[in-house]
Amino acid sequence: MTKMSEFNIALIKGDGIGPEIVNGAVTVLDAVAEKYGHKFNYTDVLMGGCAIDATGVPLPQETIDICKASDSVLLGAVGGPKWDNCPQRPEKGLLGIRKALGLYSNLRPSILKPQLKDASPLKDEKLKNGLNVMVVRELTGGIYFGERKNAEDGSWASDEERYSVEEVKRIGKIAFETAMLRDKRVVSVDKANVLDSSKLWRRTMDELAKEYPEVTLSHMYVDNAAMQLAINPAQFDVICTSNIFGDILSDLSSAIAGSIGMLPSASLGASKCGMYEPIHGSAPDIAGQDKANPIATIVSAAMMLEMSFGLIDEAKAINDAVDKVLNMDYRTPDIYSEGMKKVGCKEMAALIAKNI
Ligand code: IPM
Ligand code: MG
């Protein structure tokens, strides 16, 4: 048993299903604390639509301050049709907190669990070699943060895709180091046949690869990478790519793994304080109905324990509990198939907590 430790966790529950899934993760974290003798202190902070309603802005300064003072941040989801026409959308809060905390690297693992094979849209034949890919997405640069321009008369708009060598180097390093702990293969995804920013990306990755002689680096254009994920997903180990390409490819890889409701992510920067969140959105259509799948948030909390707090056994206990509950055939509606036991968000979280 590890030494008793105390950690401060900022909770950004957000909008839609956000509060339900974060509460589910807290139920599981509390079970971990109890079993391993740790103390997790939680502070709720506002971001997204709920912050707009309460304070007029999607990312209040207080939220940034509390997150910065915490050991890590656990996030549900933000956004919803209610705020679509606000001058500042809820998503601006998410981009703002990523930038404010300097979280330039976003790790999005997609693993096909055997229990969920039927939930994948791919045929068995395409899945026979499995799927275990880590998308390493650059998170604080590129077109998400480039200059935006709008014609006064509304006749055009533009968004700038811009990367510096330094930005590519630091995310590339994360990809190579991640690969060193896995199968030692990095596919760098770009559009270097068209974009200068991608040519710089490719050149920088080639340069960096010299520092990691054990890792095999290859390059793929993003359109081909999308196709390759759909026809032969097992070929990938680590994918390293830009903010926008990573956004798109990680939705695709998560769908292949069965459901976007299963997949976690970690956003990290220079310090140990990271932000952990499911890769799915706020699903306003099912909010408040106890139908959401809390597993992505629960396994995001496991990533937090492992990557920010160094609690490896505890993280494994969560992942094992998730597997156990899936093996007992419990399923939330998004991953339900005939013959399984359908449960809601609360019950799924309680079952996982019970199996810690
Ligand atoms: C994600 C989301 C966000 C993104 C949105 C909500 C701004 O799609 O985390 O993948 O595009 O980064
Ligand atoms: Mg996305």
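A brief look at the structure comes next.

The rules behind each value
- Residues numbered from 1 in each chain as written.
- Chains lettered and ligands numbered in written order.
- Predicted model: local features only at pLDDT ≥ 70, side-chain atom pairs only at ≥ 80, totals over all residues.
- Heavy atoms only, no water.
- Helix = DSSP H or I, 4+ residues; strand = E, 2+ residues; numbered from the N terminus.
- Expected span 1.5 Å × (residues − 1).
- Buried < 20%, exposed > 50% of the residue type's maximum accessible area, 1.4 Å probe, protein only.
- Arc of directions from axis to C-beta.
- Polar contact = N/O pair within 3.5 Å; in protein donor to acceptor, adjacent residues only side chain to side chain.
- Contact = heavy atoms within 4.5 Å.
- Core = buried A, V, L, I, M, F, W, Y, C linked by side-chain atoms within 4.5 Å.
- Pairing = 2+ DSSP bridges.
- Right-handed = clockwise from strand over helix to strand, strands pointing away.
- Axes fitted to C-alpha atoms, helices over the stretch in contact; angles between N-to-C directions.
- Salt bridge = Lys/Arg side-chain N within 4 Å of Asp/Glu carboxyl O.
- Near = heavy atom within 4 Å.
- Areas by Shrake-Rupley, 256 points an atom, 1.4 Å probe, with all protein chains shown as cover.

So, helix α6 (residues 165-180)
- Across its 16 residues, α6 extends 22 Å between first and last C-alpha, which sits within 8% of the 22 Å expected from 1.5 Å per residue.
- The set of residues buried in α6 consists of E167, V168, I171, G172, A175, F176, T178 and A179. Across the axial projection of α6, the buried residues extend over an arc of 160°, all falling on one side.

Here we look at the side chain of N106
- Here N106 is to be found in strand β4 (residues 105-111).
- On the basis of relative accessibility, which here comes to 0%, the residue N106 falls in the buried class.
- Separated by 3.1 Å, the side chains of N106 and S267 make a polar contact.
- Sequence-distant contacts of N106, that is, excluding residues within four places in its chain, are made with V135, V136, R137, L139, S265, A266 and S267.

Quick look at the nonpolar core
- Counting residues in each nonpolar core, the largest one holds 85 residues, and the members touching the most others are F40, L74, F176, V186, L305 and I352.
- Beyond its immediate chain neighbours, meaning those up to four positions away, I352 contacts V28, I295, I298, A321, V322 and V325.
- One finds M47, V73, I97 and L101 within the second-largest nonpolar core, a separate group that totals 15 residues.

A closer look at the pairing of strand β1 (residues 6-14)
- Inspection of the sheet shows β1 paired to strand β2 (residues 39-45) by seven bridges, in the parallel sense. For F7, the partnering residue across the bridge sits in β2 and is F40.
- Once the chain exits β1 it traverses helix α1 (residues 18-36) before rejoining the sheet at β2, and the crossover so formed is right-handed.
- Relative to strand β3 (residues 72-77), β1 is paired through five bridges, and the arrangement is parallel. From the neighbouring strand, A10 faces β3, where its bridge partner is V73.

Focus on the pairing of β3
- For β3, a buried count of six out of six residues is recorded, marking the element as mostly surrounded by other parts of the structure.
- With two bridges joining them, β3 and strand β12 (residues 275-278) adopt parallel strand pairing. Across the sheet, residue L74 finds its bridge partner in β12, namely Y276.

With respect to the side chain of S105
- Mapped onto the elements of the fold, S105 is located in strand β4.
- Not counting residues up to four positions away in its chain, the partners in contact with S105 are R137, L139, I171, I174, A266, S267 and L268.

A closer look at the sheet that holds β12
- Reading across the sheet, the ten strands line up as β2-β1-β3-β12-β11-β4-β5-β10-β8-β9 and stay open at both edges, with mixed pairing between neighbours. A strand with exactly one partner marks an edge of an open sheet, and here the two such strands are β2 and β9 (216-221). Sheet twist, expressed as the mean angle between neighbouring strand axes with direction ignored, is 25°.

Concerning unusual backbone geometry
- Look at K184: it is not a glycine, yet its phi comes out positive at around 60°.
- Mapped onto the elements, K184 comes out in the loop between α6 and β8 (185-190).
- The backbone of A283 sits at a positive phi, close to 35°, despite the residue not being glycine.

With respect to the pattern of salt bridges
- By the definition in use, this model includes 19 salt bridges.
- The salt bridge partner of K191 is D223, with a shortest N-O separation of 3.1 Å. Of the two residues, K191 is situated in the loop between β8 and α7 (196-209) and D223 in helix α8 (residues 222-231); the sequence distance between them amounts to 32 residues.
- When its relative accessible area of 46% is taken as the criterion, D223 is described as partly exposed.
- A salt bridge links D320 to K316, with the shortest nitrogen-to-oxygen separation between them at 2.8 Å. A residue pair is termed a helical-turn pair when its members lie 3 or 4 positions apart in one helix, as D320 and K316 do in helix α11 (residues 312-327) at four residues.
- Under the relative-accessibility criterion, D320 is labelled partly exposed at 33%.

Describing the site of ligand 1
- For ligand 1, the full set of nearby residues is E91, L94, R98, R108, R137, Y144 and D247.
- Within the contact set of ligand 1, an oxygen atom lies 2.9 Å away from a side-chain nitrogen or oxygen of R137.
- Starting from 320 Å² of accessible surface for ligand 1 in isolation, the protein chains cover 77%.
- For the shell around ligand 1, the leading source of residues is helix α4 (residues 90-100), giving three residues.

With respect to the environment of K123
- Residue position: K123 is located in the loop between β4 and α5 (124-127).
- K123 gets classed as exposed once you look at its relative accessible area, which sits at 59%.
- Sequence separation between K123 and I256 is 133 residues; the distance between their C-alpha atoms is 10.0 Å.

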